[in-house]
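# Chains, contacts and geometry: an overview
Each chain is listed here by its residues.
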Amino acid sequence: NAGVMQNPRHLVRRRGQEARLRCSPMKGHSHVYWYRQLPEEGLKFMVYLQKENIIDESGMPKERFSAEFPKEGPSILRIQQVVRGDSAAYFCASSPRGRGVTDTEAFFGQGTRLTVV
Amino acid sequence: AQSVTQPDIHITVSEGASLELRCNYSYGATPYLFWYVQSPGQGLQLLLKYFSGDTLVQGIKGFEAEFKRSQSSFNLRKPSVHWSDAAEYFCAVGANTGFQKLVFGTGTRLLVSP
């Protein structure tokens, strides 16, 4: 059973371009979480999705950022018109169910390192 | 608001020596506490978690952590470090509502010297 797969591992974009980050959850997992780690900071929650639904996007910047988790295919985190401040590591995690942490686990991917030049 | 502090950015330990990584948290309710490890090129892996009960928690790879409510701490320990333990370690706090909104510390990078 493959783990959470994120691609690309490294992404370089020029200011103003779009960045698309992909996350394939573990087999059987229908809950996906995106976190961002800015330099010298801890991981910060961005968005929580189930298949075809955004459950909690309270950590998403109001503009330029969007996320989806379609019925088929990976979850996508999309950043439009990137700026230097978007340079960060973006981590995806998945779990088999959403509520409760005492009897389940979230598995994290390796992250995508986005560099905006 | 919740917060997690890992005061040590880097720690170097000799192979075979004991290890303690510090974690202090601020949380208004009963905390759910986690330690994750990220080896080079890998994703974050859960080492252990604390929800209730025995304050000394055993995890994988020989790690343990002790919850001290009076000190708001959840320090990670290992009696004898192996070279393969070199990695970055993250402490996190959350609620039982799910894995969204875990609050992570900034991480401690462990270096193991021969």
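Reading the values: rules and limits
- Position numbers for residues start from 1 in each chain and track the written sequence from start to end.
- Think of it this way: whatever chain is written first is A, whatever ligand is written first is 1, and the rest follow in order.
- Per-residue local features are limited, in this predicted model, to residues with pLDDT of at least 70; the limit for side-chain atom pairs, both in listing and counting, is 80 or more; totals at the level of whole chains, interfaces and linings are taken over all residues.
- Here the side-chain values reflect all heavy atoms present in the structure, with hydrogen atoms and water set aside.
- Pairs of residues are marked as contacts when any of their non-hydrogen atoms sit within 4.5 Å.
- By buried area we mean how much accessible surface two parts lose on assembly, using a 1.4 Å probe and totalling the loss over both.
- By definition, a salt bridge exists where a carboxyl oxygen of Asp or Glu is found within 4 Å of a side-chain nitrogen of Lys or Arg.
- Two rings belonging to Phe, Tyr or Trp (six-membered ring only in the last case) form a pair when the distance between their centres is within 6.5 Å. Interplanar angles under 30 degrees mark stacking, angles over 60 mark edge-to-face geometry, and anything in between is tilted.
- Numbering of helices and strands runs from the N terminus, with a helix taken as a DSSP run of H or I at least four residues long and a strand as a DSSP run of E at least two residues long.
- Only protein chains enter the accessibility calculation, which uses a 1.4 Å probe; a residue whose area is less than 20% of its type maximum is buried, one above 50% is exposed, and one in between is partly exposed.

Taken together, the 26 residues of chain A in the interface contact 23 residues of chain B. Between chain A and chain B, a total of about 2000 Å² is buried, with carbon and sulfur atoms accounting for 58% of that surface. When the buried area of chain A at its contact with chain B is split by residue, Leu 43, Val 101 and Phe 108 of chain A rank highest and sum to 28% of it. Lys 101 of chain B is paired through a salt bridge with Asp 56 of chain A; the nearest N and O atoms lie 3.2 Å apart.

Where two aromatic rings form a pair, the distance of their centres and the angle of their planes describe that pair. On inspection of all chains with the given rule, the structure shows 15 aromatic pairs over all chains. Between the aromatic rings of Phe 108 of chain A and Phe 104 of chain B, the centroid separation amounts to 5.9 Å while the plane-to-plane angle is 85 degrees, which identifies the pairing as edge-to-face. Taken as a pair, Phe 108 of chain A in strand β10 (residues 107-108) and Phe 104 of chain B in strand β11 (residues 103-104) lie in two separate chains rather than in one. Owing to a relative accessible area of 5%, Phe 104 of chain B belongs among the buried residues under this scheme. With centroids separated by 6.3 Å and ring planes inclined at 25 degrees, the aromatic side chains of Phe 34 of chain B and Tyr 36 of chain B adopt a geometry described as stacked. Residues Phe 34 of chain B and Tyr 36 of chain B agree in their burial class; the two are buried.

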